[in-house]
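Structure assessment
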Amino acid sequence: DDRRTPGAQPYDLVVLDAPATGHGVAVLSAPRTFAETARVGRIARQGRTIDAMVSDPERTGVVAVARPEEMPVNETLALQDALRDDVGLEVGLVVCNAMLSQRFEAPDVRALDAAPDGPEVRAARHAHARARAQRAQLQRLRRRARAPVVTLPFVFDEDGARLSRMARELERAL
């Protein structure tokens with residue numbers, strides 16, 4: 001709440017882009033660890049102050065971002081448990097990032113399966129299999145996450161208007 005710069009206004013929002021699950025939980029639980037280790041003195045006081053802010057769900061929210069792939073989904077599910085157990089926080093939203101579009105309907109897939117093998121057919125089969133695998137991971141995430149799950153598409157170019165629309169959609173989800 002208080003800034004060290006005399007007369008400065010408090011921040012409205014601080015965003016921490018944390019590392020992967022194990023390291024991220026360690027970062028968030030470090031102030032408590034320092035406070036418990038030091039017990040008295042300035043380090044203990046600062047550790048307790050920071051821990052009180054970080055572990056307060058009224059002041060700290062967690063948005064987990066994961067690609068729809070097995071390892072990132074596993075880490076996100078582990079994160080929600082570790083945050084609850086080690087920090088006392090819940091994940092408030094999960095963003096499933098870089099979803100590939102489902103390009104083929106069932107008749108198209110049957111036609112691909114029946115088509116003679118060639119580089120284009122293999123590429124199409126691979127694209128379909130990858131999109132299908134992502135959707136399976138998304139469903140697993142939705143079943144097991146204790147927070148709402150929103151998706152963002154894979155963006156192939158730097159279309160500013162499209163990125164702005166995605167940002168507005170994400171803001172509404174928050």
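Before reading on, note that the structure itself is shown above.
Description of the structure in this document. Residue indices begin from 1 for each chain and proceed along its sequence in written order. Two thresholds apply to this predicted model, a pLDDT of at least 70 for residue-level local features and 80 or more for giving and counting side-chain atom pairs, whereas whole-chain, interface and lining totals are computed over all residues. Side-chain measures here rest on the full set of heavy atoms in the structure, leaving out hydrogens and waters.

1. What to know about unusual backbone geometry
Even without a glycine there, the phi angle at R39 is positive, about 65°. A run of DSSP states H or I qualifies as a helix once it reaches four residues; a run of E qualifies as a strand once it reaches two. Both are numbered from the N-terminal end. Locating R39 in the fold gives a position in the loop between α1 (21-38) and α2 (42-54).

2. Description of α2
By this rule, a helix spans an expected 1.5 Å times one less than how many residues it contains. Its 13 residues give α2 an end-to-end C-alpha distance of 18 Å, which sits within 8% of 18 Å, the value for a rise of 1.5 Å per residue. Every buried residue of α2 is accounted for by A44, G47, D51 and V54. Projected down its long axis, α2 carries its buried residues within an arc of 100°, all on one side. Facing away from the buried side of α2 by over 90 degrees, the exposed positions are R42 and T49. Looking at the buried residues of α2, the elements they touch are α1 and α3 (70-87). Here the term buried applies to any residue with accessible area under 20% of the maximum for its type, exposed to any over 50%, and partly exposed to those in between, with areas from a 1.4 Å probe on protein chains only. Working definition: the arc comes from the directions between the helix axis and the C-beta atoms, pointing outward to the latter. Here a residue-residue contact requires only that any non-hydrogen atoms of the pair lie within 4.5 Å.

3. Examining the layout of surface pockets
Estimates place the volume of the largest pocket at around 1,900 Å³. Forming the boundary of the largest pocket are 44 residues, of which V14, V15, L16, T60 and G61 lie nearest the centre. Elements supplying a minimum of two residues to the lining of the largest pocket: α1, α2, β1 (62-66) and α3. For this classification, Asp, Glu, Lys and Arg are treated as charged, while Ala, Val, Leu, Ile, Met, Phe, Trp, Tyr, Cys and Pro are nonpolar and the rest, including Gly, are polar. Here the residues of the lining of the largest pocket sort into 29 nonpolar, seven polar and eight charged. Definitions used for this entry: grid spacing 1 Å over protein atoms alone; cavity, a set of points where a 1.4 Å probe fits but cannot get out; pocket, an open set with protein on both sides within 12 Å along at least 5 of 7 lines; lining residue, one with an atom within 4 Å of a point. Grid points are joined across faces, edges and corners, and a volume is the space filled by probe spheres set on the points.

4. Quick word on the sheet that holds strand β2 (residues 91-99)
Spatial strand order, β1-β2-β3: three strands in an open sheet with parallel pairing. Each edge of the sheet is formed by a strand with only one pairing partner; in this case those strands are β1 and β3 (149-153). Adjacent strand axes in the sheet meet at a mean angle of 25°, parallel and antiparallel pairs treated alike. With five bridges connecting them, β1 and β2 associate as parallel partners. Among the inter-strand pairings, V65 is bridged to a residue of β2, identified as V95. Between any two strands, pairing holds if DSSP finds at least two bridges. Axis definition: a line fitted to C-alpha atoms, over the contacting stretch in the case of helices. Angles run 0 to 180 degrees between N-to-C directions.

5. Here we look at a nonpolar patch on the surface
Residues form patches when they are more than 30% accessible in relative terms and have no salt bridge. Like charges link within 9 Å. Nonpolar side chains (Val, Leu, Ile, Met, Phe, Trp, Tyr) link within 5 Å. Under the convention used here, a 1.4 Å probe and the Shrake-Rupley method define accessible areas, while residue burial counts only the protein chains that appear. Just to be clear on terms, a salt bridge is a Lys or Arg side-chain nitrogen sitting within 4 Å of an Asp or Glu carboxyl oxygen. There is a patch of nonpolar side chains on the surface, built from V63, V65 and L174 and spanning about 300 Å² of accessible area. Residue classification places V65 among the exposed positions, given a relative accessible area of 54%.

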